[in-house]
Amino acid sequence: MKKALYFGSFNPVHYGHVSIARYVADMEETDAVIIIPSPHNPFKDTSTLADPQLRLRQVRTAFEGISPKITVSDIEYRLQEPLYTINTLKALQEIDRQSEFILLIGADNIAGIERWYKGTQILQEFPVWVYPRKGYDGAALCKECAARTDARCVRFLEGAPLLDISSTQIRNQLNKNQIP
């Protein structure tokens, strides 16, 4: 089975996340899409993150009933911190040795994946599918990354929806509208 893993802080989850997951679930070559909310992200300021349990509940609600191929996993809520993608990938392989796991990330993340903890190892051991993000040439970034890192498979999802929305934009808008 080919399982695409969609990691994120989902702070908050929004229709862009749902659209990407639905797009990948509709691909014939994927058997499943697993949404993996992260309670803590080593690259993000924890003071800007909503309560981890609240985000997990919101993610479960957002993805409920969208597709039988889409599920939500709380694996990172059960792993020891710090939470690094490579550790989660290895834990999933231990649980399910029969599946091929594909890392699903945005073009903004492929631009900096070599700064991740064992990012180059991820690229060499796991297929990585990259969806478009505004302000990034995803196809060029994938090509460059594959050439530099001897990546196993870096694939740009050319037809994936490009939506002009981000969790940061939503948080900033909410902060502007808050009453002092």
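Look a little higher up for the structure.
The rules we used
Residues numbered from 1 in each chain as written. Predicted model: local features only at pLDDT ≥ 70, side-chain atom pairs only at ≥ 80, totals over all residues. Heavy atoms only, no water. Buried < 20%, exposed > 50% of the residue type's maximum accessible area, 1.4 Å probe, protein only. Helix = DSSP H or I, 4+ residues; strand = E, 2+ residues; numbered from the N terminus. Pairing = 2+ DSSP bridges. Right-handed = clockwise from strand over helix to strand, strands pointing away. Core = buried A, V, L, I, M, F, W, Y, C linked by side-chain atoms within 4.5 Å. Contact = heavy atoms within 4.5 Å. Salt bridge = Lys/Arg side-chain N within 4 Å of Asp/Glu carboxyl O.

**Quick word on the pairing of strand β2 (residues 32-37)**
With six of six residues buried, β2 is to be regarded as a mostly interior element. Side-chain alternation along β2 places A32, I34 and I36 on one buried face and V33, I35 and P37 on a second face that is also buried. Relative to β2, strand β1 (residues 2-8) runs parallel, the two sharing six bridges. The residue of β2 that forms the bridge with A4 is V33. For the handedness criterion, the β-α-β arrangement of β1, helix α1 (residues 15-25) and β2 is classed as right-handed. Relative to strand β3 (residues 70-72), β2 is paired through three bridges, and the arrangement is parallel.

**Quick word on unusual backbone geometry**
In the segment running from N11 into P12, the intervening peptide bond is cis, with an omega of 5 degrees. Here P12 lies in the loop between β1 and α1. The residue after E81, namely P82, is reached through a cis peptide bond having omega 5 degrees. Among the structural elements, P82 can be located in the loop between α3 (75-78) and α4 (85-95). Here the phi dihedral of K118 falls at roughly 55 degrees; this positive angle occurs in a residue that is not glycine. Relative to the helices and strands, K118 is located in the loop between α5 (107-110) and α6 (119-125). Residue K118 is classed as partly exposed on the basis of its relative accessible area, which comes to 41%.

**Notes on the nonpolar core**
Within the largest apolar cluster, 27 residues are counted, with the highest numbers of intra-cluster contacts made by L5, L103, I105, I110, I113, L123 and V130. In contact with I105, other than residues within four places in its own chain, are I110, I113, W116, V128, W129, V130 and Y131. Ranked by size, the runner-up nonpolar core spans 21 residues in total, among them V24, I35, W129 and A160.

**Looking at the pairing of strand β5 (residues 127-131)**
Here β5 lies mainly inside the structure; five of its five residues are buried. Side chains P127, W129 and Y131 project from β5 onto one buried face, and the interleaved V128 and V130 project onto a second face that is buried too. Pairing between strand β4 (residues 100-106) and β5: four bridges, direction parallel. In the sheet register, L103 faces β5, and the bridge partner there is V128. In terms of strand pairing, β5 meets strand β6 (residues 153-156) through four bridges, oriented parallel. Residue pairing across strands places V128 opposite V154, the latter belonging to β6. Running through helix α7 (residues 138-149), the crossover from β5 to the neighbouring parallel element β6 is right-handed.

**Examining the pattern of salt bridges**
In the structure shown here, the tally under the stated rule is 10 salt bridges. We note a salt bridge from R155 to E29, for which the minimum N-O separation is 2.4 Å. On the criterion of sequence distance, the pair formed by R155 in strand β6 and E29 in the loop between α1 and β2 is long-range, its members being 126 residues apart. For E29, a relative accessible area of 36% puts it in the partly exposed group. Residues R148 and E114 are paired through a salt bridge, measuring 2.4 Å at the closest nitrogen-oxygen approach. Taken together, the residues R148 in helix α7 and E114 in the loop between α5 and α6 connect sequence positions 34 residues apart. Salt bridges sharing common partners tie together R60, D74 and R78.

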